[in-house]
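Each chain, written out:
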Amino acid sequence: MNLYEKRDFGQKINATFEFIRENFKPLLLSLSYIVLPFTLITAVVQVFLLQELLQGKTITGLAVFTPTYFVSLVLSIINTMMVYLTVNGYLLEYEEGARDITPAQVWQRVGREILPALWLTLLATLFTVFGFFLFLLPGIYLMGILPFMYMVFTREQRGALDTVLRCQQLTQSPWWSPVVGSFLLVWLLFFEEVRKRVRNWWSTVALMVVMLFIQVLLALVFQIPTGIMTVLSGMGLGSATSPVLLSIFSVLSNVGGTILSALFPIAAAFQYYNFLAQVEGTDLLSAIETLGDSKAKPRTEDEGDY
């Protein structure tokens, strides 16, 4: 697949699933070897948290925020970060021409990025949380420019703050994009210049929402057993549920959810390459590199047949 390419909304979704179909086995192996240990640790902590909930220890008020809850939250964030780093490491190997990609190759990239990526994760989380709680609009705006921050971070080798600024530069959308796009949609239809400035932000948000919706629907399959046992326990039928089975189903749910979460960073990466093609014209460089390749497909914008 040509990663450097301008793609519309539907093409980015199709490219995501096409890439997964083409690389399913080696990508799954990389996720299993690199991310699965973090996922299992997270799942074990969440089992303890779920047991606290079912025993009535964390039902109301601030009692919900137990040490187990905070440990589970931090581990979940780290697990998500590892999924992004692993997928991005795989994509970078793919970009450089590797095809039989092994977990060892991907780990060479991921291993050296973990500690710097933790600082980026902390910074992005603080920015987003404070943006939501203090001013609301900045938090919403950051949701539209940060989904591909790990790709910028790993591929361009930038610092944490510089990565955030680079995301804004690639998006080319002003801070008022959420407001204008939400309340002046009709007006946007008649002003091409304004629409150009905000559509990158909105296309990112829409893409991430659609991929999240697909991911949640697919993850429900893994959540059903745990959900049934939780409901039974809540109805006072705790004797009908087994802590061992609850733990097993919870672990399977976490593992399945982690695998499916690869959809998100892959879609974000295609959005990143799409912005590169728009801003820097890298799709032209890629097209030049494929000259003379008999497998290269003609594009609709190519003029004439030669």
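Scroll up a little and you will see the structure.
Here the structure is a predicted model, which is why all the values come from computation and not from measurement.

## Considering the overall build of the protein chain
If you tally the helices and strands in the protein chain, you get 14 helices and 0 strands. The order of helices and strands in the protein chain, counted from the N terminus, is α-α-α-α-α-α-α-α-α-α-α-α-α-α. Per-residue burial for the protein chain yields a buried fraction of 42% across its 306 residues. If you take every contact in the protein chain between residues at least 6 apart in sequence, the share linking residues at least 24 apart comes to 74%.

## Quick word on the pattern of salt bridges
Side chains carrying opposite charge are able to pair once their charged atoms draw close together. Overall, the coordinates contain 8 salt bridges when judged by the stated rule. Residue Arg 155 pairs with Glu 95 through a salt bridge whose shortest N-O separation is 2.9 Å. Linking Arg 155 in helix α7 (residues 149-156) with Glu 95 in helix α3 (residues 67-95), this pair joins segments that are 60 residues apart in sequence. The exposure class of Arg 155 is partly exposed, given its relative accessible area of 27%.

## Details of the side chain of Asn 274
In this structure, Asn 274 sits in helix α13 (residues 263-280). A polar contact of 2.9 Å, which involves the side chain of Asn 274, links it to the backbone nitrogen of Arg 7. In this structure, Asn 274 is in contact with Glu 5, Lys 6, Arg 7 and Lys 12, ignoring residues within four places of it in sequence.

## Looking at the nonpolar core
In terms of nonpolar packing, the biggest core is built from 60 residues, with Met 82, Leu 85, Phe 148, Tyr 150, Tyr 272 and Tyr 273 touching the most fellow members. Excluding residues that lie within four positions of it along the chain, Leu 85 makes contacts with Val 110, Glu 113, Ile 114, Ala 117, Tyr 150 and Thr 154.

## A few points about the environment of Leu 126
Residue placement: Leu 126 occurs in helix α5 (residues 114-135). Separated by 13 residues in the primary sequence, Leu 126 and Gly 139 place their C-alpha atoms 9.8 Å from one another.

## Thoughts on the packing of aromatic side chains
Counting across every chain of the model gives 9 aromatic pairs. Between Tyr 4 and Tyr 273, the aromatic rings sit 5.2 Å apart at their centres with planes inclined by 80 degrees, giving edge-to-face as the arrangement. Highlighted residues: Tyr 4 in the segment before α1 (9-34) and Tyr 273 in helix α13, separated in sequence by 269 residues. With respect to burial, Tyr 4 and Tyr 273 carry one shared label: buried. By way of ring pairs, the aromatic residues Tyr 4, Phe 148, Tyr 272, Tyr 273 and Phe 275 are connected into one cluster. Over the ring of Tyr 94 we find Arg 99, and its NZ or CZ is 3.8 Å from the ring centre.

What counts and what doesn't
Residues numbered from 1 in each chain as written. Predicted model: local features only at pLDDT ≥ 70, side-chain atom pairs only at ≥ 80, totals over all residues. Heavy atoms only, no water. Helix = DSSP H or I, 4+ residues; strand = E, 2+ residues; numbered from the N terminus. Buried < 20%, exposed > 50% of the residue type's maximum accessible area, 1.4 Å probe, protein only. Contact = heavy atoms within 4.5 Å. Salt bridge = Lys/Arg side-chain N within 4 Å of Asp/Glu carboxyl O. Polar contact = N/O pair within 3.5 Å; in protein donor to acceptor, adjacent residues only side chain to side chain. Core = buried A, V, L, I, M, F, W, Y, C linked by side-chain atoms within 4.5 Å. Phe/Tyr/Trp six-rings, centres within 6.5 Å; stacked < 30°, edge-to-face > 60°. Lys NZ or Arg CZ within 6 Å of the ring centre and 35° of its normal.

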